[in-house]
Amino acid sequence: MALFLTHDNVYKLYNIDPSKKMEGIVILHQQNHPGKEYTAHTRIFDGLLLGFMIQGTMKAQIHFLEYELNAGDIAVLQPQLMIDTKSLSENAEIVTIGLSLDFIAAFPILREFVINDKVRWQPVVKLQPEEIGLQKELVTLIQNFYHKNPSPRKTEMLRYLVIALMCMISEAYSELKDQDSFTKSRTHEIIDNFYLLISKYAPQQRSVKFYAEKLHLTPQYLSTFLKQKTGKSVLQWIDHTMILHAKTLLKSTHLSIKQISHELNFEDSSVFCRSFKRITGVSPKAFRNG
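In short, a report on the structure.

Structural notes on the overall build of the protein
Okay, so step 1: Scanning the protein from N- to C-terminus turns up 13 helices and ten strands.
Okay, so step 2: Relative to the 2.2 N^0.38 estimate, which gives 19 Å for 290 residues, the radius of gyration of the protein is 20 Å and therefore close to what a compact globule would have.
Okay, so step 3: In terms of its C-alpha atoms, the protein occupies a principal-axis envelope of roughly 55 × 45 × 40 Å.
Okay, so step 4: The 290 residues of the protein split such that 48% are buried.
Okay, so step 5: Once local pairs closer than 6 in sequence are excluded, the contacts in the protein between residues at least 24 apart make up 72%.
Okay, so step 6: Here the protein has roughly 14700 Å² of accessible surface; of this, 53% comes from carbon and sulfur atoms.
Okay, so step 7: Taking the average location of the 34 positive side-chain charges in the protein and that of its 29 negative ones, the two points are 8 Å from each other.

Written as structure tokens, this is what we have:
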């Protein structure tokens, strides 16, 4: 399932007990189920997303590039970046912490995570071996505080624990070497700009020419470039993002399929239904009810 996540809708989409809802923070503890076929899963969160690989492995595409996460790895996703989980090992266990933009704004160290290019293009980091145990203990402590009964200072205490964890991650980033600046400046600039365009226009614009002109590139060059660097062509990314919008509307709203097709600028609902089934393998109605 592919979803646009916000601090408000994540509780419904992941069936989290609404009594656990806290201001500015949400925590998920997920485990893969042996013998259960894994379905590719795409998320975009409107805040800062932290993924802690407790055990097992995960292959994922983060902001168009492929990564393999192993036990002890941390994924740090800036707001609105896409993560597309490709596969999980049978023993995979992940703790995810989502921080809202309001939470981030209150702490300078978190604002730095949102605007730092090193974090954007090196989203997977690992602490020093002697600190991994401390990280696991701190993540467990944060989970326990998150699930404890409400109290007057619960939110405040949880915030301090999260900031301590973020300081550890910040130190890990300070020790990383920068990627090659030439490769970064050209390749990543095109990817970034294309991503911003499809995030904004995919529900209305499905023409390769439209995006190529916005980027001052030829349609052929843009398609070839994206296919080489990300594994998907322009049209495939447009479809991918449009379906992301569609699935989120189907799961998080009560809009009719006809209304959703209108929201996504299809000429009629039958065209939308055919496109949705061609790309996903199921009808919009079956997806909503499944």
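Anyway, onward from the coordinates.
A short note on the sheet that holds strand β2 (residues 25-31)
Okay, so step 1: Taken together, five strands build an open sheet; the order of strands is β2-β9-β4-β7-β10 and the sheet is antiparallel. With partners counted over all chains shown, the strands left at the sheet margins are β2 and β10 (124-126), one partner each. Strand-to-strand, the axes of this sheet are offset by a mean angle of 20 degrees, without reference to chain direction.
Okay, so step 2: With four bridges joining them, strand β4 (residues 48-55) and strand β7 (residues 73-77) adopt antiparallel strand pairing. Considered in β7, the bridge of glycine 51 is made with alanine 75.
Okay, so step 3: Each of β2, β4, β7, β9 (93-99) and β10 touches helix α5 (residues 129-147); the most contacted strand, β2, lies at about 115 degrees to it.

Observations concerning the side chain of threonine 241
Okay, so step 1: Within the element layout of this structure, threonine 241 appears in helix α10 (residues 234-252).
Okay, so step 2: Discounting chain neighbours no more than four positions away, the residues touching threonine 241 are Met82, Ile198 and Ala202.

Focus on the packing of helix α3 (residues 108-115) against helix α6 (residues 154-174)
Okay, so step 1: Taken N-terminus to C-terminus, the directions of α3 and α6 make an angle of 45 degrees; their axes are 10 Å apart at the nearest point. Relative to α6, α3 is oriented oblique. Relative to α6, α3 is oriented so that their crossing is left-handed. The residues of α6 that touch α3, namely those facing Ile109, Leu110 and Phe113, are Ile163, Met166, Cys167, Ile169, Ser170 and Tyr173.

A short note on the packing of helix α9 (residues 219-230) against α10
Okay, so step 1: Two elements in contact, α9 and α10, have axes separated by 8 Å at closest approach and are oriented at 70 degrees. Between α9 and α10, the crossing angle belongs to the class labelled roughly perpendicular. Two secondary-structure elements touch here, α9 through Leu222, Ser223, Leu226, Lys227 and Thr230 and α10 through Val234, Gln236 and Trp237.
Okay, so step 2: Of the residues that constitute the contact of α9 with α10, the class distribution is four nonpolar, three polar and one charged.

Some points on the environment of phenylalanine 107
Okay, so step 1: Its place among the elements puts phenylalanine 107 in the loop between α2 (101-105) and α3.
Okay, so step 2: For the pair phenylalanine 107 and glutamate 175, spaced 68 residues apart in sequence, the C-alpha separation works out to 22 Å.
Okay, so step 3: Setting aside residues up to four positions removed in sequence, phenylalanine 107 forms contacts with Arg159 and Ile163.

Topic: the pairing of strand β5 (residues 57-62)
Okay, so step 1: With six bridges joining them, β5 and strand β6 (residues 65-70) adopt antiparallel strand pairing. Across the sheet, threonine 57 pairs through a bridge with asparagine 70, a residue of β6.
Okay, so step 2: Once β5 ends, the chain turns through two residues before running back antiparallel as β6, passing histidine 63 with a positive phi of about 50 degrees.
Okay, so step 3: As paired elements, β5 and strand β8 (residues 82-88) share five bridges and run antiparallel to each other. By the bridge assignment, methionine 58 is partnered in β8 with leucine 88.

A short note on unusual backbone geometry
Okay, so step 1: Unusually for a residue other than glycine, histidine 216 sits at a positive phi of about 60 degrees.
Okay, so step 2: Examined against the element boundaries, histidine 216 turns out to sit in the loop between α8 (208-214) and α9.
Okay, so step 3: Judged by its relative accessible area of 73%, histidine 216 is exposed.
Okay, so step 4: Its identity as a non-glycine residue notwithstanding, asparagine 265 has a phi of 65 degrees, on the positive side.
Okay, so step 5: On the secondary structure map, asparagine 265 appears in the loop between α11 (257-263) and α12 (269-280).
Okay, so step 6: Residue class for asparagine 265 comes out partly exposed when judged on its relative accessible area of 47%.

What counts, and where the lines are drawn
Residues numbered from 1 in each chain as written. Predicted model: local features only at pLDDT ≥ 70, side-chain atom pairs only at ≥ 80, totals over all residues. Heavy atoms only, no water. Helix = DSSP H or I, 4+ residues; strand = E, 2+ residues; numbered from the N terminus. Rg over C-alpha atoms; globule rule 2.2 N^0.38 Å. Buried < 20%, exposed > 50% of the residue type's maximum accessible area, 1.4 Å probe, protein only. Contact = heavy atoms within 4.5 Å. Areas by Shrake-Rupley, 256 points an atom, 1.4 Å probe, with all protein chains shown as cover. Lys, Arg positive; Asp, Glu negative; His and termini not counted. Charge placed at Lys NZ, Arg CZ, Asp CG, Glu CD. Pairing = 2+ DSSP bridges. Axes fitted to C-alpha atoms, helices over the stretch in contact; angles between N-to-C directions. Parallel < 35°, antiparallel > 145°, perpendicular 65-115°, else oblique. Left-handed = near helix turned anticlockwise from the far one by under 90°. Nonpolar A, V, L, I, M, F, W, Y, C, P; charged D, E, K, R; others polar.

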